[in-house]
Amino acid sequence: MMIDHLHVLGYNTVILLLSIQNMNISLRILILFVSVTDGFLLHLHWAAARRPAIIVNRRPSFLLLSAPTNDSSISSLNSQHQHRHQHPQYSEPDMMAYASAYKTVFKELPFRICEPSVGSIPSDLQGTYYRAGPAMFSAGSIVPPKTFIVQPKQPPVPDGADPDRMVQHPFDGDGAVIGVTFSTKNETLDNEHNVAPTCTARYRFVRTTAFTNERKKGAKLYDGMESTRAMSVFAGNGLGNDYPIPLFTHHLQAGLNKFRKNTSNLRTIYWGKRLMTLWESGLPYKLDARALQTEGKSQLGGAILKETDPFGGKMVVSGDRALFHAVEQDFLGNSKLTLYEFNQSFRLVDRQTVDLPGYALISDFAATANYAAFITPAVTVKRGSLLDIGGSKEPGKALNLNANGDATVILVPRVGSNKDVMRIPLAADGLSDANLQFVNAYEEDEGGSGTIIIDCIRSDTTKLQSSEQPPLCWPWAQTLQEYQSSASAKSLWRYTVDLSTKTISRRLLVDTHCYFAGVNPSKSSSRHRYVYMNVGACGNDAAPPQGIAKVDVTKCADGNVLAGTWMPDTHEFCGEPMYASQAGVDESAAEDAGYILSVLYDGKRRESDLIVLEARNIAAGPITRIPLGIAIPHGHFGCFSSGNEVKWPAEELERRAKLLDKVESRGNRWNELKSDFSGLGLRFDDMEEYFGDFFS
């Protein structure tokens, strides 16, 4: 036995690497963790007395450090799960601090100039960041202006005071949008580069139809998902009520009805100089990009044919095009998948529909140069539901996910590609292919006839199958045990689709528990090197989104894919990491030359900050920390735009906010006027379609 390596990490961690060799076995032992697995792995853990710890990892998944040289079974193990990683040891998250973020925002933030508490605003960070998420958990708790003719019968109540008004899952909360603008412009100066950078924040609810209805009544009016939420982990094989985003997002009754509530809280998009919020299976809502005023539902200039048509919650940008999808089921139980493609002016270029047998459960997708890629799991419709008159259309009661059934990869050709629709079976491997979060996809050859790579976050519900955790209620998961009994473990995977043989292989890239992953937007639909994502503090065990990690997918072969991780204090929790480009820097020069933005919730201060990290050096942590002056609940997906039209000076944003406040204070005198011009037979977004940028 000999010492190969000795490394001291701070005052309380020592890594000692030993080698043991004889004629039958060759081992390398890392003295860091204690476990014996599969008869050939030995890991030892040592903790200093100043910080004693007993760490139990219930799912063995450590970096393979040793193996008998004559054991042929190792190759089959590695082929199934190629990279099991040694996870840094972090303290457990403060779950009471995490849960405290799920509080209704009773007072919006119309306008605020924010000053950094740490560091300074980089002068080359210019543009506007938006993010959507739930913000009302006690329905109808934002009182309309006193000038409204109809006033609610019930006043607002604190969260938890009236269980009948509480939503049963945070995803069901009414949506709100945070907007943060970085600008060096000043209305009184011509040379914008002589002005110190400013940061202007605003935060407002999306005034959806459901929001307005419940606001007027002061009560919860939409209860179509109640019985599904009551099923807890038993809905959808552990994914139906998953956290933070469930597989079952909406009631299955088609059209506009009292069961399906469009909260518009899933995603913000900015395209064609238009800001919109998306939700799964409902119309987008258009917002004023400056003051975040809700301008109404949008049918995207007539691209969505009927107001009752479903629409997806994802936009994929591919070059100068934006792609969307929608899935609709017919009365026979079959599905229709529609792919939309828009140009930079948000005008429809192509819309095509593909018929799919059976119930297609699709909530996300990715795009390459020639295809839009979808994956639908094996789903069966329960007897006595959906197709039967009076049958239940709650997803938890109507749908069964077949964990052992084959999924299907669907490749829909893009306009001008001259390709055919492809449906390729995806053999089951023990983990579900439902509720995937697509990160990016690309083709390894330019012709689109060789191989397609799809990176995505995949869920593991194996631990939830035996869970007897009752349905969580507000404020959801105040202990780590509650969270791990209700949320699936998630990891980053790569799917390789061979178009010539019509075969698909899966490969585990990172088994660290992760969420909300993305790439530099300039690499969307093309080969990427880096993935930025949220990670939990418990290795590969489920834990709330907390830290930020950078993954280098080019280093998958040696298993050293984590290019940097930053974990905040135990009471702090980061949201989705969003890449922001540097002003004046060619995006093709370096894939990580920009910044990473994230909304961080501080559970001690009960307030949120916007943090800025250098994409090159995530491990160094934030270079800038900007208090936003408001507590923003844990959110979902966002976007960043660096266009010149979104670099508004603070004076313009303040003026716009004051105007909006005045308009809203007039109540019905304004709201009874159809601001979308529907009284003239045209929606506002239709007029934009016909008259171009005149109304922008």
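Structure first, text after, so check above.
These numbers were taken from a predicted model, which means no experiment stands behind them.

## Considering the overall build of the protein
When helices and strands are tallied, the protein shows nine helices and 37 strands. Counting only residues that meet the buried cut, the protein has 58% of its 696 residues in that class. For the protein, long-range pairs separated by at least 24 residues make up 64% of all intrachain contacts whose partners lie at least 6 apart in sequence. Accessible surface, the protein as shown: approximately 28,700 Å² in total, 51% of it carbon and sulfur.

## Some points on the sheet that holds strand β12 (residues 285–287)
Within the open sheet, the four strands sit side by side as β10-β11-β12-β13. Their pairing is antiparallel. Each having just a single partner strand, β10 (267–271) and β13 (294–297) make up the two edges of the open sheet. For this sheet, the mean inter-axis angle between neighbouring strands, taken without regard to orientation, is 25°. As defined by bridge partners, β12 adjoins β13 across three bridges and the pair is classed as antiparallel. Looking at β13, one finds that tyrosine 285 is bridged to lysine 297.

## Section: the environment of isoleucine 504
Relative to the helices and strands, isoleucine 504 is located in strand β27 (residues 503–510). Apart from the residues lying within four places of it in its own chain, the contact partners of isoleucine 504 are Val409, Ile424, Pro425, Leu426, Tyr495, Thr496 and Val497.

## Digging into empty space enclosed by the protein
Counted according to the given criterion, the structure contains nine cavities of 30 Å³ or more. Of the volumes computed, that of the largest cavity is approximately 300 Å³. As for the largest cavity, its lining consists of 20 residues, and the residues nearest its centre are Ile245, Asn435, Leu436, Gln437 and Phe637. Elements that contribute at least two residues to the lining of the largest cavity include exactly β25 (451–460) and β28 (514–518). With three residues, the top contributor of residues to the lining of the largest cavity is β28. Here the residues of the lining of the largest cavity are counted per class, giving ten nonpolar, five polar and five charged.

## Structural notes on the sheet that holds strand β19 (residues 371–376)
Taken together, four strands build an open sheet; the order of strands is β18-β19-β22-β23 and the sheet is antiparallel. The sheet is open, and its two edges are formed by β18 (366–367) and β23 (422–426), each paired on a single side. Both β19 and strand β22 (residues 407–413) contribute to a ladder of six bridges, which runs antiparallel. Residue pairing in the sheet places threonine 376 in a bridge with threonine 408 of β22.

## Concerning the pattern of salt bridges
Taken as a whole and assessed by the stated rule, the structure comprises 33 salt bridges. Note that glutamate 341 and arginine 414 form a salt bridge whose closest N and O atoms lie 2.8 Å from each other. Note that glutamate 341 is positioned in strand β16 (residues 335–342) and arginine 414 in the loop between β22 and β23, a separation of 73 residues in sequence. On the basis of relative accessible area, glutamate 341 is assigned to the buried category, the value being 2%. Residue class for arginine 414 comes out buried when judged on its relative accessible area of 8%. Ionic pairing is found between aspartate 433 and arginine 506, a salt bridge with its closest N-O pair at 2.9 Å. A residue pair is termed long-range when its members are at least 10 positions apart, and aspartate 433 in the loop between β23 and β24 (437–443) and arginine 506 in strand β27 qualify at 73 residues. Judged by its relative accessible area of 15%, arginine 506 is buried. Three or more residues joined by partner-sharing salt bridges are found here, namely Glu572, Asp602, Arg605, Glu607, Asp609 and Arg625.

Criteria and thresholds
Residues numbered from 1 in each chain as written. Predicted model: local features only at pLDDT ≥ 70, side-chain atom pairs only at ≥ 80, totals over all residues. Heavy atoms only, no water. Helix = DSSP H or I, 4+ residues; strand = E, 2+ residues; numbered from the N terminus. Buried < 20%, exposed > 50% of the residue type's maximum accessible area, 1.4 Å probe, protein only. Contact = heavy atoms within 4.5 Å. Areas by Shrake-Rupley, 256 points an atom, 1.4 Å probe, with all protein chains shown as cover. Pairing = 2+ DSSP bridges. Axes fitted to C-alpha atoms, helices over the stretch in contact; angles between N-to-C directions. 1 Å grid on protein atoms, 1.4 Å probe; cavity = no way out; pocket = protein on both sides within 12 Å on 5 of 7 lines; lining within 4 Å. Points joined across faces, edges and corners; volume = space filled by probe spheres on them. Nonpolar A, V, L, I, M, F, W, Y, C, P; charged D, E, K, R; others polar. Salt bridge = Lys/Arg side-chain N within 4 Å of Asp/Glu carboxyl O.

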